[in-house]
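Here's the letter readout for the chains.
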Amino acid sequence: MALIKCFDCGKEISDRAGTCPFCGCPISELLKSGETVKIKPLPVVWAERTFGWTIGDAPIGPGDQKVSISSNGKVIWEGRAGDVAELSFVQPTSIDIQYHMNFWRLGAKCSGVIDPARCKTYIIFALNGVLTIKLELRPVDTLDG
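Below: a short report on this structure. Residues take numbers from 1 onward in each chain, read along the sequence in its written order. Since the coordinates come from a predicted model, pLDDT governs what is reported: local features require at least 70, and pairs of side-chain atoms require 80 or more to be given and counted, while whole-chain, interface and lining totals use all residues. Working from all heavy atoms in the structure, the side-chain values ignore hydrogens and water.

## Description of the overall build of the chain
- In this description a helix means any DSSP run of H or I spanning at least four residues, a strand means any run of E spanning at least two, and both kinds are numbered starting from the N terminus. Broken down by element type, the chain carries one helix and 11 strands.
- In the chain, the succession of helices and strands from N to C terminus is β-β-α-β-β-β-β-β-β-β-β-β.
- Each residue is assigned to one of three classes by its accessible area relative to the maximum for its type, calculated with a 1.4 Å probe on protein chains only: buried under 20%, partly exposed between the two thresholds, exposed over 50%. The 145 residues of the chain split such that 38% are buried.
- In the chain, once contacts between residues fewer than 6 apart in sequence are set aside, the share between residues at least 24 apart is 49%.
- Split by element, the accessible area of the chain, about 8800 Å² in all, is 52% carbon and sulfur. By definition in these notes, contact holds between two residues if any of their heavy atoms fall within 4.5 Å. Each accessible area is a Shrake-Rupley estimate made with a 1.4 Å probe; only the visible protein chains count as cover when residues are assessed.

Take a look at the structure:
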């Protein structure tokens, strides 16, 4: 069970409530009619080095990068960098993104907020730094290009 804010009165209630006990808002109906949001975790790319040379935007090694997205400690999507996650959100929701470590790639984490009222498409930009990977959740107009 997770606590969510009622869509009408804003008070914290259970996500399992059929209606808000404070104002009567039909919570279960609204949760079923959430907005589909697309999130695309991009493959990790090299950053330009400060000493003057760059590898460009080439992926940093062979193999796929496993990615998971979670909310309230529960995994809501698992896939690979380059895949598109299609998830349903009713209200602004905090998510955690995890790029998992494997033989070829470093792991990394970041958090962000998905707001279906403001944007329906997001990318997870992954930039390989000197010793770590920097992740950013960015709203975008389209996932193409």
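Moving on, there is more to tell.
## Observations concerning the pattern of salt bridges
- We define a salt bridge as a contact between a side-chain nitrogen of Lys or Arg and a carboxyl oxygen of Asp or Glu at a distance within 4 Å. According to the stated counting rule, one finds three salt bridges in the structure shown.
- Between Lys-134 and Glu-136 there is a salt bridge; the shortest N-O distance is 3.2 Å.
- Linking Arg-138 and Glu-136 is a salt bridge whose minimum nitrogen-to-oxygen distance equals 2.9 Å.
- Owing to a relative accessible area of 31%, Arg-138 belongs among the partly exposed residues under this scheme.
- Salt bridges linked by common partners bring Lys-134, Glu-136 and Arg-138 together as one network.

## Remarks on the side chain of Thr-93
- If you trace the backbone, Thr-93 turns up in strand β8 (residues 93–99).
- Separated by 2.8 Å, the side chain of Thr-93 and the backbone oxygen of Gln-91 make a polar contact.
- Setting aside residues up to four positions removed in sequence, Thr-93 forms contacts with Ser-71, Gly-112, Val-113 and Ile-114. Counting of polar contacts relies on pairs of N or O atoms within 3.5 Å, with two restrictions inside protein: one atom must be capable of donating a hydrogen and the other of accepting it, and residues adjacent in sequence are counted only when both atoms are side-chain atoms.

## Thoughts on the side chain of Asp-115
- If you trace the backbone, Asp-115 turns up in the loop between β9 (108–114) and β10 (121–128).
- Just so you know, the count uses Lys and Arg for positive and Asp and Glu for negative, and it drops His and the chain ends. No salt bridge is formed by the buried Asp-115, whose closest oppositely charged neighbour, Arg-118, lies at an N-O distance of 4.3 Å.
- A distance of 3.1 Å separates a polar atom in the side chain of Asp-115 from the backbone nitrogen of Ala-117.
- If near-sequence neighbours (up to four positions away) are discounted, Asp-115 is found in contact with Pro-92 and Tyr-122.

In short, shape yes, function no, at least from these values alone.
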